[in-house]
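If you want the building blocks of each chain, they are given just below.
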Amino acid sequence: MGKPRTPAGRAKETSARLAKEYPGTAQQLCELDFGTPFQLLVATILSAQTTDERVNATTPALFAKFPDAISLAGADPAEVEALIKPTGFFRNKTRSIIGMAQALLEQFEGVVPSDRDELTKLPGVGRKTANVIRNVAFNEPGLPVDTHVKRLSRRLGLTDQTDPERIEFALMPMLPPASWGMLSLQLILHGRRVCDARKPRCEDCVLNDFCPSSLVK
């Protein structure tokens, strides 16, 4: 079989190979710890500009105190700030997650919606976060574009776009909707474990025979 020479061909081959490298469901591949869609939504908002590990070290105490929209909506901001401070930008994040919980109660009776447009109406929820919730919590089509997806999609020659939303729209036609979320999760894991931003380990990469950016000769 020849090497894929088009962006769509590389996307399909990337999806097939990474599925073998990182098997599992969307919930299994997501590295944020959560028990409910609401908790995943909070954790995803907190994950901005920090690591999943740091979020996972922070959320047990937060969720023990504020496990749902009702409890978080009425929380004392100072108490929430103290709990989430390790994640950084804790004042802004506190406003976002309390505001999100209040909006959930006002608009959706405290239940996290699966519709992207409804999700993005919530404070602190952009398109990337909405796609995470759709994919991981509800098994609905969604292609979150984070820094790893952005980097790998460009290195693999899938797109030359730099804006996350344009990258998402460029990748979507290349694969069936059911594969969008899994591709995103697999690219994220591969970006963390192999295709590092500074020192990609091309010699260990299962995509190195067709990746345009591979350093393996």
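Our subject is the structure that appears above.
To keep things clear, this report deals only with the structure shown in the data block. (Residues numbered from 1 in each chain as written. Predicted model: local features only at pLDDT ≥ 70, side-chain atom pairs only at ≥ 80, totals over all residues. Heavy atoms only, no water.)

Attention shifts here to the pattern of salt bridges. On inspection of all chains with the given rule, the structure shows 8 salt bridges. With its nearest N and O atoms 2.7 Å apart, the salt bridge here joins Glu-13 to Arg-17. Of this pair, Glu-13 and Arg-17 both sit in helix α1 (residues 7–21), 4 residues apart, which is roughly one turn of the helix. Here Arg-192 and Asp-52 are joined by a salt bridge, their closest N and O atoms 2.9 Å apart. Highlighted residues: Arg-192 in helix α12 (residues 177–193) and Asp-52 in helix α4 (residues 52–65), separated in sequence by 140 residues. By relative accessible area, which is 10% here, Asp-52 ends up buried. Through salt bridges that share partners, Glu-31, Asp-52, Arg-192 and Arg-193 make up one connected network. (Salt bridge = Lys/Arg side-chain N within 4 Å of Asp/Glu carboxyl O. Helix = DSSP H or I, 4+ residues; strand = E, 2+ residues; numbered from the N terminus. Buried < 20%, exposed > 50% of the residue type's maximum accessible area, 1.4 Å probe, protein only.)

Right, let's get into the packing of helix α6 (residues 77–84) against helix α7 (residues 90–108). It is the contact of α6 with α7, at a shortest axis distance of 9 Å, that shows an interaxial angle of 120 degrees. As summarised for this structure, α6 and α7 are arranged oblique, according to the angle between their axes. Crossing of α6 against α7: the hand is right-handed. Contacts from Pro-77, Val-80, Glu-81 and Ile-84 of α6 reach α7 at Phe-90, Arg-91, Lys-93, Thr-94, Ile-97 and Ile-98. The residue inventory of the contact of α6 with α7, partitioned by class, reads 6 nonpolar, 1 polar and 3 charged. (Axes fitted to C-alpha atoms, helices over the stretch in contact; angles between N-to-C directions. Parallel < 35°, antiparallel > 145°, perpendicular 65-115°, else oblique. Left-handed = near helix turned anticlockwise from the far one by under 90°. Contact = heavy atoms within 4.5 Å. Nonpolar A, V, L, I, M, F, W, Y, C, P; charged D, E, K, R; others polar.)

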